[in-house]
Amino acid sequence: MAYRLRTRQILLVAVGIVYVLALAWVNRQPIPTTALVHETDSSIRLRDTTSKRLGTGNRDMHWLEPARYLPDDAERPPSVLDIDGGLLHIRLHTEYRTARPYEPLSGLLKVYRKKLGFMGQVAKEDSWELLFVDRVPGPIWRAHLDRTRLRNDDGTYAPRNLAVLYYMPHNETVEYRVRIYELESLQPSAGFEQAVSMAGEQWWEHTADMNTAEATVQAQHLADKLHLCPDDSKEFADTIYSGRSFSNCVGRAGLAMRAVDFPLPGALEVLEFSLRGNTLMYSRLNDVTRFRMLELAKAQNGSLIYMDGAVQTRGPDVTELLRDIGTQSSLVQLQSTRPGGGVDVFLAHGSTTSDTFYFSFSLLQNTTLARKWVHEDVKRYRLPVHQQFSGLSRDELRLVREPPLVDQAGLITVFYFKATDIIVAVDTQWFRDHGSADVTQLQRVRESRPPYISTLNSPVAVNMTLDDSGTLLAMSTVDDELFIFARARVSSTRRILDYRRYFSNSTLLPWTATEPVSSVDALEEGDSDAFNWQLVLTWQPPTQMPTVPWEEGFISPDNPFPATQRLIVRTSSQPTTSCLRFLRFDPVQLAAYGATRRAPAAAGDAAVARVAALSASGRLRMWELDSHKQNPHVLWPFITEHWGLLFILTAVVACCVYNERRWT
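Remember, it's a predicted structure, so these values are computed and weren't measured experimentally. (Residues numbered from 1 in each chain as written. Predicted model: local features only at pLDDT ≥ 70, side-chain atom pairs only at ≥ 80, totals over all residues. Heavy atoms only, no water.)

## Here we look at the overall build of the protein chain
Condition: The way it works is that DSSP assigns letters per residue, a run of H or I at least four long becomes a helix, a run of E at least two long becomes a strand, and they are numbered from the N terminus. Think of it in three bands: residues with accessible area under 20% of the maximum for their type are buried, residues over 50% are exposed, and the middle band is partly exposed, with areas taken using a 1.4 Å probe on protein chains only. Throughout, a residue-residue contact means that at least one pair of heavy atoms, one from each residue, lies within 4.5 Å. Working definition of accessibility: Shrake-Rupley area with a 1.4 Å probe, residue cover restricted to the visible protein chains.
When you go through the protein chain residue by residue, the secondary structure sums to nine helices and 31 strands. Buried residues in the protein chain amount to 52% of all 664 residues. Counting only contacts in the protein chain whose residues sit at least 6 apart along the sequence, the fraction spanning at least 24 positions is 66%. Only carbon and sulfur atoms are counted for the fraction: they give 53% of the accessible area of the protein chain, which is about 31700 Å².

## So, the environment of Arg149
Going by this rule: Under this definition, polar contacts are N or O atom pairs within 3.5 Å; protein pairs additionally need one hydrogen-donor-capable and one acceptor-capable atom, and for neighbouring residues in sequence, both atoms have to be side-chain atoms.
Looking at the secondary structure, you find Arg149 in the loop between strand 6 (140-146) and strand 7 (161-170). Residues Arg149 and Arg160 lie 11 residues apart in sequence; the distance between their C-alpha atoms is 6.5 Å. In terms of polar contacts, Arg149 uses its side chain to reach the side chain of Ser79, at 3.1 Å.

## Some remarks on the packing of aromatic side chains
Heads up, the rule is: Under the pairing criterion, centres of Phe, Tyr and Trp rings, with the six-membered ring standing for Trp, must be within 6.5 Å; the plane angle then separates stacked pairs below 30 degrees from edge-to-face pairs above 60, leaving the rest tilted.
This structure, assessed with the given rule, holds eight aromatic pairs. Where Trp141 meets Tyr167, the ring centres are 6.0 Å apart and the plane angle is 85°; that geometry is what we call edge-to-face. Linking Trp141 in strand 6 with Tyr167 in strand 7, this pair joins segments that are 26 residues apart in sequence. Geometrically, the ring pair formed by Phe291 and Trp373 is edge-to-face, given 5.4 Å between the ring centres and 85° between the ring planes. With Phe291 in the loop between strand 12 (279-284) and strand 13 (292-295) and Trp373 in strand 18 (residues 373-384), this residue pair connects regions lying 82 residues apart in the sequence.

## Structural notes on the state of the cysteines
We apply this condition: Disulfide assignment relies on a single distance test, namely cysteine sulfur atoms paired within 2.5 Å.
Evaluated as defined, the whole model comprises one disulfide. Through a disulfide, Cys229 is tied to Cys249; the S-S separation comes to 2.0 Å. Taking the sign of the S-S torsion, about 95° here, the bridge from Cys229 to Cys249 comes out right-handed. Here the residue Cys229 occupies a position in the loop between helix 4 (213-226) and helix 5 (236-241), and Cys249 occupies one in strand 9 (residues 248-250), the gap between them amounting to 20 residues. The class for Cys229 is buried, based on a relative accessible area of 0%.

## Things to note about the sheet that holds strand 9
To be explicit about the condition: Note on pairing: two strands pair once DSSP finds at least 2 bridges between them. Simply put, an axis is a line fit to the C-alpha atoms, just over the touching stretch for a helix, and the angle between two N-to-C directions goes from 0 to 180 degrees.
Strand order in the open sheet formed by five strands is 2-3-4-5-9, with antiparallel pairing between adjacent strands. Looking at the sheet topology across the chains shown, the edges are occupied by strand 2 (60-66) and strand 9. Averaged over neighbouring strand pairs, the angle between their axes works out to 15° when direction is ignored. Pairing of strand 5 (residues 129-136) with strand 9, which is carried by three bridges, proceeds in the antiparallel orientation. Following the sheet pairing, Phe132 is matched in strand 9 by Val250.

## Focus: the environment of Thr413
By secondary structure assignment, the location of Thr413 is in strand 20 (residues 412-417). Thr413 gets classed as buried once you look at its relative accessible area, which sits at 1%. Setting aside its immediate chain neighbours within four residues, Thr413 contacts Val332, Leu334, Val406, Asp407, Gln408, Val424, Ala425 and Val426. Engagement of the side chain of Thr413 in a polar contact is seen with the side chain of Gln408, the distance being 2.9 Å.

## Section: the nonpolar core
In globular proteins that are soluble, nonpolar side chains generally tend to be buried together. Rule in force here: By nonpolar core we mean a set of buried residues, namely Ala, Val, Leu, Ile, Met, Phe, Trp, Tyr and Cys, connected to one another through side-chain atoms within 4.5 Å.
Counting residues in each nonpolar core, the largest one holds 63 residues, and the members touching the most others are Leu87, Leu116, Leu162, Leu228, Tyr241, Phe585 and Met622. In this structure Tyr241 touches Tyr96, Leu108, Lys110, Leu130, Val133, Arg135, Pro230, Asp232, Phe246 and Cys249, once residues within four positions along its chain are discounted. Of all hydrophobic cores here, the second largest spans 18 residues; its members include Ile31, Leu405, Tyr416 and Phe483.

## Observations concerning unusual backbone geometry
Of note, the phi angle at Asn171 is positive, near 55°, even though the residue is not glycine. Unusually for a residue other than glycine, Asn286 sits at a positive phi of about 65°. Take Asn286: it is sitting in the loop between strand 12 and strand 13. Classification of Asn286 by relative accessible area gives partly exposed; the value is 44%.

## Some details on the side chain of His89
Note on placement: His89 falls in strand 3 (residues 87-96). With relative accessibility at 0%, the residue His89 sits in the buried group. Of the polar contacts made by the side chain of His89, one reaches the side chain of His62; its length is 3.1 Å. With residues up to four places along the chain from it excluded, the contact list for His89 reads Leu46, His62, Trp63, Lys110, Val111, Tyr112, Trp128 and Leu614.

## Considerations on the sheet that holds strand 10 (residues 255-264)
Here four strands make up an open sheet; going across it, the order is 6-7-8-10 and the pairing antiparallel. The two strands at the open ends of the sheet, each matched to only one other strand, are strand 6 and strand 10. Adjacent strand axes in the sheet meet at a mean angle of 25°, parallel and antiparallel pairs treated alike. Pairing between strand 6 and strand 7: six bridges, direction antiparallel. The residue bridging Asp146 from the neighbouring strand is Asn161, located in strand 7.

## Some words on the pairing of strand 25 (residues 482-486)
Judged by how many residues are buried, strand 25 sits mostly within the fold: five of five residues are covered. Relative to strand 25, strand 24 (residues 472-477) runs antiparallel, the two being bridged by five bridges. Bridge assignment links Leu472 to a residue of strand 25, and that residue is Ala486. Of the strand pairs in this sheet, strand 25 and strand 28 (residues 534-539) are connected by five bridges, and their pairing is antiparallel.

## Focus: a nonpolar patch on the surface
Keep this limit in mind: Only residues whose relative accessible area exceeds 30% and that form no salt bridge are eligible for patches; like-charged ones are grouped when within 9 Å, while nonpolar side chains (Val, Leu, Ile, Met, Phe, Trp, Tyr) are grouped when within 5 Å. We define a salt bridge as a side-chain nitrogen of Lys or Arg found within 4 Å of a carboxyl oxygen belonging to Asp or Glu.
A cluster of nonpolar side chains, Val13, Ile17 and Leu21, forms an exposed patch at the surface whose accessible area comes to about 250 Å². Looking at Leu21, the relative accessible area reads 45%, which means it is partly exposed.

Encoded structure:
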């Protein structure tokens, strides 16, 4: 009898183990894992800004960009970075306190550079070098980086610009202004050599050790007068940046970016803000029009310059029912060559009734100089949320209220809708039938539903980036998981002029559309083609189970994902990703630095593609796209993602075993 009962106990445990193994094998991720080729040592990090200098509503923004590109030729594709130029880390504080009492908040921009000599795996990785600091006169409300880099008729490329929208309160009104930084204009600062000779060659060493109040005051005076940055690794630097007379400064390299300010008409609160080329687009709360566009003047070299009387284009009128736009909305400018100065704008908008959340995206286009606007719905989704959102969890409620992730590169625009969990790509193209002179502008819209992203423990992506060719897409989650998507290009029976003409030295010049209205190409529900995104590579950081502090179990603006939501949480050695960027390297230049020369990431592409992730502390990770392997771990990821199910299963098996033992 005892032998039989013991056998039944062993059988119960064995069935539970086999059940878990079977579930883990069925739910395994069949996507290969990309190779992590570089990670910054934990000893190399940027200093955190003193908390007392940041406003209560401060938000940090980060961008990772190549300092410069190599010239493209017949053997080298465009958008290949120059390793000698390094990488730029742009860091923006939206609210920065100054030392002057009762003075309104300001904004602070820092630009760092990292040399890429470590790419050859011979030289040691350098720390981030501070290039320059610029204090914006008012708190920063919005910021947008335009990196479309469209090719001009003369073979040059449009410069990359960072547009910063800030506001300055005056009595009972608010003045909005835009400061635009040109990334391509990184050049020696005027008067730098003279300033160094006046301050002394040991200026940076002196500012690293300030022991007396007299030395501090003297250093502040020299920094304000000579515009020299102190040693940024010391907290004393924040004392310089918050000084009464401080405006900007440059680091040891003596390099700075050109910046120009533009006033933004009106005083209503700005909701959406973006820059594409020389056109600013923005929308305001309770405005009578859906959006407004300002065409800024530019010089012959493409740089933006300030001139009075910027041309303004008004969007369609807004009815009373649509006046309150809300936060779940996004406007993006699309490239347009239609006659009469036609404008194409892609709109993503979310609205809520008593028990249903609606999310739609559509195309807005004018015909002749904004005299008539045409609104064309592309897709519409509905999500039941019950009365007053009672059917949503806290995380789901936050996702409903957040705008989508948006990125643009060339003629490609990508949206990731968090609430509906889809990726929407908009490709601007032109085509004509053989033998016809009529050119039609086409906005090709494709939606893809990515697998593995919205799982139990990783509910949403928080960072997204496109590569410059528009064929690769990367996303990272709150837990630093990485997902890389790709899509294939196929030939067409019609002659299609796509984004590639902007990235090649071909004889094709941009065509001007002859049709007055753009066409929209969208597939039916469930259909797919070569323009849809397919998941090709993944990566997950090493995990362990540390103790979760009590305060991390609550949702806040700084902690939208409580650590108690996951069994596997981040540790101090696993930084949260602040931004992603695709980087393309020249194989010849990599070989010159001593790196192993690898095959290009795709056939016909003479460049090595890598994905870079940057954390707020300046830690850098890089993955190769041409070397990957199948994830060998099957059981452990299943346990970490379905620990609740396994806990219940273990409890049931334990109760059954205990009940069997009572009869022994």
